[in-house]
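If you want the building blocks of each chain, they are given just below.
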Amino acid sequence: MRRAACPGSYDPPTRGHLDVIRRTAAIFDEVHVLVGSNPAKSALFSPEERVSLLAEALSDVPGVRTSIFSGLIVDYCRDHEIGTVVKGIRGPIDLDYESQMAQLNRAMTGLETLFLPAAPEWAAVSSSLVRDIVRMGGGFDQFVTPEIAARTRERLAAGS
Ligand code: PNS
């Protein structure tokens, strides 16, 4: 079985993330969507909530499993017999950062990384910019699914 991992913070999952995961699922038999936490970023949703948002948005895609992970991506992939990480690349900044991680991951365990060019319509969309727009009251619906937009509004109405 050909397995891939798509790790990310996914706070919130954007249409760009979902596009990359769907394209990955068209290439691999099983895709592990892994929600990691980046302590440097101020979170909108808990990791458990992000797993639930992703699982719902991807429920129609066969072979996708969504879970929280912590620690090194190479350790998770070794433990789950995953040979490839797939990352979406929006531009040179992503390429620079992801290339470094890809090379270190390959040096550590032989884990390979494949880069998928972001679809042009999502190439400027990032979770951190969406979070800024959400927190400052701007219109963000076009960047996420209707369900994720609704959950985000509930979150804002709850005052967190
Ligand atoms: O959406 P992000 O912020 O790019 O996601 C980052 C995350 C959490 C997926 C990434 O930092 C990660 O994979 N962390 C796990 C630790 C690890 O393996 N780091 C790379 C070492 S070369």
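Below or above, wherever it landed, is the structure these notes cover. Along each chain, numbering runs from 1 in the same order as the chain's sequence is written. Reporting of local features is limited, given that this is a predicted model, to residues whose pLDDT is at least 70; pairs of side-chain atoms are given and counted only at 80 or more, and all residues count toward the totals for whole chains, interfaces and linings. Each side-chain value is derived from all of the structure's non-hydrogen atoms; neither hydrogens nor water enter the calculation.

Some thoughts on the overall build of the protein
Step number 1: Under the scheme used here, helices are H or I runs from DSSP no shorter than 4 residues and strands are E runs no shorter than 2 residues, and both carry numbers assigned from the N terminus. Along the backbone of the protein there are 6 helices and 5 strands.
Step number 2: When its C-alpha atoms are laid out on the principal axes, the protein stretches across 45 × 30 × 30 Å.
Step number 3: With a 1.4 Å probe rolled over the protein chains alone, any residue whose accessible area is under 20% of its type maximum counts as buried; one over 50% counts as exposed, and the rest are partly exposed. Across the 160 residues of the protein, 44% fall into the buried class.
Step number 4: Contacts are residue-level and defined by heavy atoms, with any inter-residue pair within 4.5 Å sufficient. Nonlocal contacts in the protein, meaning residues at least 24 apart in sequence, comprise 76% of its contacts between residues at least 6 apart.

Some points on the site of the ligand
Step number 1: For the ligand, the set of nearby residues contains 13 residues, the closest of which are S9, K41, G71, I73 and M101.
Step number 2: Distance and chemistry together define a polar contact, namely a pair of N or O atoms within 3.5 Å, with one atom able to donate a hydrogen and the other to accept it when in protein, and with adjacent residues in sequence counting only for side-chain atoms on both sides. Between S9 and the ligand, the recorded distance is 2.9 Å, taken from a backbone N or O atom to an oxygen atom.
Step number 3: I73 has a polar backbone atom sitting 2.9 Å from an oxygen atom of the ligand.
Step number 4: In isolation the ligand has 560 Å² of accessible area, and contact with the protein removes 78% of it.
Step number 5: Considering every element that reaches the shell around the ligand, the biggest residue donor is helix α4 (residues 92-109), with 3 residues. A molecule or strand has a residue near it when one of that residue's heavy atoms lies within 4 Å. Note on areas: these come from Shrake-Rupley sampling with a 1.4 Å probe, and a residue is covered only by the protein chains present in the view.

Section: the side chain of T14
Step number 1: With respect to the secondary-structure elements, T14 resides in the loop between β1 (3-8) and α1 (15-25).
Step number 2: When its relative accessible area of 2% is taken as the criterion, T14 is described as buried.
Step number 3: Excluding its chain neighbours within four sequence positions, the residues that come into contact with T14 are V125, S126, S127, V130, F143 and V144.

Topic: a nonpolar patch on the surface
Step number 1: The patches described consist of residues with a relative accessible area above 30% and no salt bridge, like charges being joined within 9 Å and nonpolar side chains (Val, Leu, Ile, Met, Phe, Trp, Tyr) within 5 Å. Here, a salt bridge means any Lys or Arg side-chain nitrogen found within 4 Å of an Asp or Glu carboxyl oxygen. Judged by side-chain polarity, L72, L104 and M108 come together as a nonpolar surface patch covering roughly 310 Å² of accessible area.
Step number 2: Relative to the elements of secondary structure, L72 occurs in the loop between β3 (64-68) and α3 (73-79).
Step number 3: Taking the relative accessible area as the measure of exposure, L72 reaches 46% and is therefore partly exposed.

As for α1
Step number 1: Those residues of α1 that fall on the buried side of the exposure criterion are G16, L18, V20, I21, T24 and A25.
Step number 2: Summarising the contacts, the buried residues of α1 are in contact with β1, β2 (30-35), α2 (47-57), β3, β4 (84-89) and β5 (112-117).

Topic: the sheet that holds β4
Step number 1: By the convention used here, strands pair only if DSSP detects at least 2 bridges between them. Read from one edge to the other, the open sheet built from 5 strands follows the order β3-β2-β1-β4-β5, with strand pairing classed as parallel. Of all the strands in the sheet, the pair left with one neighbour each is β3 and β5. Averaged over neighbouring strand pairs, the angle between their axes works out to 30° when direction is ignored.
Step number 2: Here 6 bridges tie β4 to β5, and the two strands are oriented parallel to one another. Bridge pairing links V86 to L114 in β5. Only C-alpha atoms enter the line fits that serve as axes; for helices the fit covers just the stretch in contact. Angles between N-to-C directions range over 0 to 180 degrees.

Brief notes about the packing of aromatic side chains
Step number 1: The criterion for an aromatic pair is that two Phe, Tyr or Trp rings (for Trp, the six-membered ring) have centres within 6.5 Å, with stacked assigned to planes under 30 degrees apart, edge-to-face to planes over 60 apart and tilted to the rest. Taken as a whole, this structure holds 1 aromatic pair when the rule is applied.
Step number 2: Ring centres of F69 and Y76 lie 6.3 Å apart, and the angle between their planes is 70°; this geometry places the pair in the edge-to-face category.
Step number 3: Judged by its relative accessible area of 15%, F69 is buried.

A short note on the pattern of salt bridges
Step number 1: Scanning the model with the defined rule gives 16 salt bridges in all.
Step number 2: One salt bridge in this structure joins E56 and R151, with 4.0 Å as the shortest N-O distance. Residue E56 is located in helix α2, and its partner R151 is located in helix α6 (residues 146-157); the two are separated by 95 residues in the primary sequence.
Step number 3: According to the relative accessible area criterion, E56 is partly exposed, its value standing at 43%.
Step number 4: For R151, a relative accessible area of 24% gives the class partly exposed.
Step number 5: Counted as one network, the salt bridges with shared partners bring together R3, E30, R65 and E81.

Don't take any of this as a statement about function, it's just geometry.
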